[in-house]
Structures are given as structure tokens and as C-alpha cells.
Amino acid sequence: GNEISSTNGLDRLFSLERLSLDDNKIQHITNIAGIAKLPFLMNFDLKGNPVEIEDSASCRVKVLNLFRDIRCKSLPKTATYRDMQQLLPILDGEIATKDELVALKHLTFR
């Protein structure tokens, strides 16, 4: 890693498609929130950061939720999990699982 602790400033790289932040110093989800605004970012790696090491399953849902908040607003209520999955980035080399998508849906309706 490069000892990166935040993605501040990267949210202006609008054409960015892939971002690998493996093994850095990112401690909180809020430190990466801005990149969810990047419309073409479809591959994002975060493994090995303190935020991910503590609870990787919960971290995945929280990261995917950042993107869902921005990218899935226009989906109709009849949208399927596959529709949502296609709008979310591949996180750490894995597409969002159905369980993660269900967890995202529950976050939406709290």
C-alpha cells in the first residue's frame, strides 16, 4: 500500500473506472464516501485496510451502500436485485451477492 488514509480529491476523477486501495490506512467509511460519486468507477479494491479488516462483511455492505445511495436512486420500485447489482461496483474482485443486496434493501427501508 501507499499509506493512503482518504480518497479526498479523487472524487474529481470522473472518468476513473478502477481504483485499487488495497493495504492502505483507510480507517472509516467516511474517508471514501466521495468516490461513490464517480459515475464510471466499476472496480474498487479495499482489502487490507483497517476499515475492512475489522469486519469485512459489514464493510462490504457499507461500501456498496455508498454507491447504492447515489447510483440506484432512479431505479423503479419494480427493479430486481440484478438491476441493482449492475449499477454497483465490483468490490475486491467480487460482485455484490444476493445477501448483500438484501441487506442494502433493508437499509433503504429503515
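A. The overall build of the protein, seen in detail. When its secondary structure is counted, the protein shows four helices and three strands. Taken from N to C terminus, the helices and strands of the protein fall in the order β-β-α-α-α-β-α. The C-alpha atoms of the protein give 13 Å as radius of gyration, which agrees with the globular expectation for 110 residues (13 Å, within 12%). Principal-axis analysis of the C-alpha atoms gives the protein an extent of 40 × 30 × 25 Å. Expressed as a percentage of its 110 residues, the buried residues of the protein come to 35%. In the structure as shown, the protein presents an accessible area of about 6900 Å², 51% of it carried by carbon and sulfur atoms.

B. Broad picture of the side chain of Arg68. Note that Arg68 resides in helix 2 (residues 56-71). Only 2.6 Å separates the side chain of Arg68 from the side chain of Asp69, close enough to count as a polar contact.

C. Structural context of the packing of aromatic side chains. What the rule picks out here adds up to one aromatic pair. Judged by centre distance (6.4 Å) and plane angle (50°), the rings of Phe44 and Phe67 are tilted. Linking Phe44 in strand 2 (residues 43-45) with Phe67 in helix 2, this pair joins segments that are 23 residues apart in sequence. Grouping residues by exposure puts Phe44 and Phe67 together as buried.

D. Structural detail: the sheet that holds strand 1 (residues 18-20). Here we have three strands laid out as an open sheet, ordered 1-2-3, and parallel in their pairing. Where the open sheet ends on each side, the last strands, each with one partner, are strand 1 and strand 3 (90-91).

E. Broad picture of the nonpolar core. Counting 26 residues, the largest nonpolar core has Ile32, Ile35, Phe44, Leu46, Val63 and Leu88 as the members making the most contacts within it. The dominant element in this core, judged by the number of residues it contributes, is helix 2, at six residues. For Phe44, the residues in contact, after removing those within four places along its chain, are Leu19, Leu21, Ile32, Ile35, Val63, Ile90, Leu91 and Asp92.

Criteria and cut-off values
- Residues numbered from 1 in each chain as written.
- Predicted model: local features only at pLDDT ≥ 70, side-chain atom pairs only at ≥ 80, totals over all residues.
- Heavy atoms only, no water.
- Helix = DSSP H or I, 4+ residues; strand = E, 2+ residues; numbered from the N terminus.
- Rg over C-alpha atoms; globule rule 2.2 N^0.38 Å.
- Buried < 20%, exposed > 50% of the residue type's maximum accessible area, 1.4 Å probe, protein only.
- Areas by Shrake-Rupley, 256 points an atom, 1.4 Å probe, with all protein chains shown as cover.
- Polar contact = N/O pair within 3.5 Å; in protein donor to acceptor, adjacent residues only side chain to side chain.
- Phe/Tyr/Trp six-rings, centres within 6.5 Å; stacked < 30°, edge-to-face > 60°.
- Pairing = 2+ DSSP bridges.
- Core = buried A, V, L, I, M, F, W, Y, C linked by side-chain atoms within 4.5 Å.
- Contact = heavy atoms within 4.5 Å.

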